[in-house]
Amino acid sequence: MNDKNNKVVLIVGLGMIGGSIACGLKKAKPERRIIACDRDAQALQNAIDDGVIAECGELSALCPQADIIILAVPPLTVCELLPEVLKHMKSTAIITDVASVKSHIFTSSAQFSEEALAKFVPAHPIAGSEQSGYAAAVDDLFENRNVILTPHSGNSTDSVATINGLWRELGANVLGMTRVRHDEVLAATSHLPHLLAYAIVDVLLKQEQSEDIFRYAAGGFADFSRLASSDAKMWSDIFVANSAAVEKVLDDYIQSLLDFKKAIQKKEHVKLQESFETAKQTREKFISQHFKPKKQEEMISNKLSFSVQPGGQVAGTIRVAGDKSISHRSIILASIADGITRVTGFLEGEDALNTVAAFREMGVTIVGPENGELTIYGVGKNGLQAPRKPLYMGNSGTAMRLLAGLLAAQSFNSELTGDESLMERPMNRVAGPLRSMGANIDTGDSGTPPLAIRGSKLQGFTYEMPIASAQVKSCLLLAGLYAEGETKILEPAPCRDHTERMLQGFGYKVAVDAEEGSSAVSGGAELKATEIDVPADISSAAFFLVAAAITPGSDLTLQHVGVNPTRIGVINILREMGASIESSNERLVGGEPVADLRVRYQPLKGIVISEAEIPLAIDEFPVLFVAAACAEGETLLHGAEELRVKESDRIDAMAQGLKKLGVVVETFDDGIRIVGGDMGGGAVDSFGDHRIAMAFTVAGLRSESPIDIANCANVATSFPNFVELASEVGMRVSALK
Ligand code: S3P
């Protein structure tokens, strides 16, 4: 009677949240059978009268009917009810909850067995208000609201996908977190404010003549104390269940109050004003980013600039951020794999986070990232859901091109958009060959995004790439996973092969013929979940390799750098220029070669860069141009027209900036000539290109006066902690808003 898509849902607790779930699910699928229990008989009767629930009764009687059991009760009641639910439910049923605390169930004295907990997929909708009861329930409470799942190692991907799908039906955005992180975050952002609201009412209540005080209390009191109207049982439960995390943040708050008290006693007007100003700005930023979402394109602010003082040192041992190419691919492949993939070393930069958001939008449950760790509950090759809105790829050409291949082969339609820079970048290089496979893709004018993709059945083919592009190759290989027959891509020169390596890590056969320069996959097989350790990004390490190579007295070690042979052009070129780079501790991590690199200063000389190195150093040229400016003699590059269609026209952007610093530069359609010599300072523009911004920061080590770099916000796309790490090793850079 109940097919896979028409599961019986039991809601335990028909208050505002439980009632809203019931109303929303009924609206989404009127034929669905929803049953409920609650202590409030009137609420149940009202829900029956509304046609929202079909039946009500005792928990023990309703449990055996249900496929999904939602415990919409306070946190401690979840622990109390679980044993009874587990006793009466069908063995195939899944339990979830809505509680605002997630760890306590796992540490509860009830000691649930692992087997029992495997059936329980915890969830927490970040929705609701101070109102309570079924009377406050509405069918759209969760639309566009975040719901946090905190699945655990015992959960199956199927049960997680079922609960994800349930919230998706209610219009929610499903996020994932570990339960520990969830409880810390909620303690600070939700539990603490509630406690403060209860406390202020309590303080006023205990004042003499409190009646009088309340009479005069105006908007400030009403605003601040609104949360004190929340359900008392629920909130006392929350504080007991999350006592450790709340205590920690409460200590911080008490300290902050004591600091304010001291400043008030000492009449420190300026100090108070400064603190209030910072708080005001922080709150306004938060409200504008999270409560009045503008069009995403407008959210990328280019207001950040870098101010670099001349000179500085480069010494120490650091590990730079995770590899961007591998981070994107880890999300893409783990999402369409069967099983649970754990990723460590993930780059928490905006580009990779947009890829995470895109797969979440397609129904994949992704926990994290937290300190570079992610857990992805793969939905299998055909398990992605149609996105409900255009997928925003931010600044990332890689994400847009790789996703184009994957999405072209799905059974649903989709649209890919990006920021101002991405909307200018050429997409025909993927749209053209994908169309030859049978894909249905429209680009914007002149072959630029947005990409409107209608999912189609694809046919394998052989394609000779006119340019050595790993993005094009990867796009077509991803499409090839779904195509009929073999998809074989021939490259004119070796370019990064992370897709091939990672596919093999996921158990997917890839035929690589190095001699022919080809990679091929056949459609139809499945990917199996795996573990991925993302190495540090050699493209981010490159800024530090050059920094140490051009700075007298430097001695820097970069740990765990990915040294895949298709990425080491920067090392080859710098060594040819005379740099001292030692590689040690070489090892293979999850199919990718990794090493520690030690760089010490040695004078550089200009060279003619071999064209064979171009694809192997494609992202590192901005900073290599800085190395060239610091070398003796001239450096010549030809055959690199691709640099003109990256996040900016990197030949022009670098030439303009270097000229401002007094460097002699000549540009060609396909390259550049740079004459090494002294560098002055001045104002340069990164044109919103992360790598240009970081390259000019490195130039400051050898410039004679300060360098101001405009439009640096996009450094966050690939290297969010660049300024901190650069400062740590001795560079003199500060970020100015
Ligand atoms: C990338 C490939 C390169 C590179 C980009 C990342 C990838 O682009 O510039 O930053 O992850 O495949 P092309 O393949 O277009 O040269």
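Residues numbered from 1 in each chain as written. Predicted model: local features only at pLDDT ≥ 70, side-chain atom pairs only at ≥ 80, totals over all residues. Heavy atoms only, no water.

A look at the overall build of the protein chain
Looking only at helices and strands, one finds 27 helices and 32 strands in the protein chain. Here the C-alpha radius of gyration of the protein chain, 29 Å, is about what a compact globule of 737 residues would show, namely 27 Å. For the protein chain, the C-alpha atoms occupy an extent of roughly 85 × 75 × 50 Å along the three principal directions. Taking all 737 residues of the protein chain together, the buried fraction comes to 55%. (Helix = DSSP H or I, 4+ residues; strand = E, 2+ residues; numbered from the N terminus. Rg over C-alpha atoms; globule rule 2.2 N^0.38 Å. Buried < 20%, exposed > 50% of the residue type's maximum accessible area, 1.4 Å probe, protein only.)

What to know about helix H2 (residues 41-49)
The set of residues buried in H2 consists of Ala43, Leu44 and Ala47. Viewed end-on, H2 has its buried residues packed into an arc of 100°, placing them on one side of the element. Pointing more than 90 degrees away from the buried face of H2 are the exposed residues Ala41 and Asp49. Lining the buried residues of H2 we find strand S2 (34-37) and strand S3 (55-56). One side-chain oxygen of the residue at the start of H2 lies 3.0 Å from the amide nitrogen of Gln42, identifying that residue as Asp40. One or two residues past the end of H2 sits Gly51, with phi positive at roughly 75°. (Arc of directions from axis to C-beta. Contact = heavy atoms within 4.5 Å. Polar contact = N/O pair within 3.5 Å; in protein donor to acceptor, adjacent residues only side chain to side chain.)

Notes on the nonpolar core
One finds Phe544, Leu574, Phe621, Val698 and Phe722 to be the most contacted residues of the largest nonpolar core, which totals 84 residues. Examining the composition of this core, we find that 11 residues originate from one element, helix H21 (residues 538-550), more than from any other. Membership of the second largest hydrophobic core comes to 67 residues, among which are Ala409, Val472, Tyr508 and Val510. (Core = buried A, V, L, I, M, F, W, Y, C linked by side-chain atoms within 4.5 Å.)

Focus on the site of the ligand
Every residue lining the ligand is accounted for by Ser325, Arg329, Thr398, Ser469, Ala470, Gln471, Arg496, Ile618, Asp619 and Lys646. At 2.6 Å from an oxygen atom of the ligand is found a side-chain nitrogen or oxygen belonging to Ser325. One nitrogen or oxygen atom from the side chain of Asp619 is found 2.5 Å from an oxygen atom belonging to the ligand. Calculation on the ligand without its partners gives an accessible area of 380 Å², and the protein chains cover 96% of this total. Of all elements in the fold, only helix H15 (324-335) and helix H19 (470-480) reach the threshold of two or more residues within the shell around the ligand. Class assignment of the residues belonging to the shell around the ligand gives a composition of two nonpolar, four polar and four charged. (Near = heavy atom within 4 Å. Areas by Shrake-Rupley, 256 points an atom, 1.4 Å probe, with all protein chains shown as cover. Nonpolar A, V, L, I, M, F, W, Y, C, P; charged D, E, K, R; others polar.)

Considering the sheet that holds strand S5 (residues 94-97)
The pairing of strands in a sheet comes from backbone hydrogen bonds and takes either a parallel or an antiparallel form. Read across the open sheet, the six strands follow the order S3-S2-S1-S4-S5-S6; overall the sheet is parallel. In this open sheet, the two edge strands, each paired with only one partner strand, are S3 and strand S6 (120-121). Across four bridges, strand S4 (residues 68-71) lies against S5 in parallel orientation. Bridged to Ile68 within S5 is Ile94. Relative to the sheet, helix H4 (residues 75-88) contacts strand S1 (9-12), S4, S5 and S6, its axis offset from that of S4 by approximately 160°. (Pairing = 2+ DSSP bridges. Axes fitted to C-alpha atoms, helices over the stretch in contact; angles between N-to-C directions.)

As for the pattern of salt bridges
Per the stated rule, a full pass over the model turns up 33 salt bridges. Between Lys206 and Asp202 there is a salt bridge whose closest N-O contact spans 2.8 Å. We classify Lys206 as exposed; its relative accessible area is 62%. Note that Glu373 is salt-bridged to Arg342, the shortest N-O span being 3.0 Å. Note that Glu373 is positioned in strand S14 (residues 373-377) and Arg342 in strand S12 (residues 340-344), a separation of 31 residues in sequence. A relative accessible area of 35% means that Arg342 is categorised as partly exposed. One network of salt bridges, with partners in common, ties together Arg425, Arg496, Asp619, Glu647, Arg650 and Asp689. (Salt bridge = Lys/Arg side-chain N within 4 Å of Asp/Glu carboxyl O.)

Observations regarding the environment of Val308
Inspection of the secondary structure puts Val308 in strand S10 (residues 305-312). You can call Val308 buried: its relative accessible area is 2%. Here the alpha-carbon distance between Val308 and Val512, two residues 204 residues apart in the chain, equals 45 Å. Sequence-distant contacts of Val308, defined by excluding residues within four places in its chain, comprise Thr697, Gly700, Pro706, Ile707, Ile709, Arg732 and Val733.

Points about the packing of helix H8 (residues 179-205) against helix H11 (residues 232-241)
The relative placement of two packed helices comes down to the angle between their axes together with the axis-to-axis distance. Contact geometry of H8 with H11 gives a least axis separation of 11 Å together with a crossing angle of 125°. Looking at the two axes, H8 sits oblique to H11. The way H8 lies across H11 gives a crossing that is left-handed. Facing H8, whose interface residues are Ser190, His191, His194, Leu195 and Tyr198, H11 presents Ala232, Trp235, Ile238 and Phe239. (Parallel < 35°, antiparallel > 145°, perpendicular 65-115°, else oblique. Left-handed = near helix turned anticlockwise from the far one by under 90°.)

Points about the domain arrangement of the protein chain
The domains assigned to the protein chain are domain 1 (3-177), domain 2 (305-321 + 536-736) and domain 3 (324-533). The centre of domain 1, based on its C-alpha atoms, is set 35 Å off from the matching centre of domain 3. Every contact between the two is made by 15 residues of domain 1 and, on the other side, 19 residues of domain 3. A combined buried area of about 1,200 Å² lies between domain 1 and domain 3, and 48% of that area is made up of carbon and sulfur atoms. (Domains from an automatic or database assignment. Buried area = accessible area lost by both parts, 1.4 Å probe.)

A look at the packing of H15 against helix H16 (residues 350-361)
Running from N to C, H15 and H16 point in directions that differ by 10°, and their axes come no closer than 9 Å. Here H16 runs roughly parallel to H15, going by the angle between their axes. Contact with H15, carried on its side by Lys324, Ser327, His328, Ile331, Ile332 and Ser335, involves Asp351, Ala352, Thr355, Val356 and Phe359 of H16 and no other residues of that element. In the contact of H15 with H16, the residues fall into five nonpolar, four polar and two charged.

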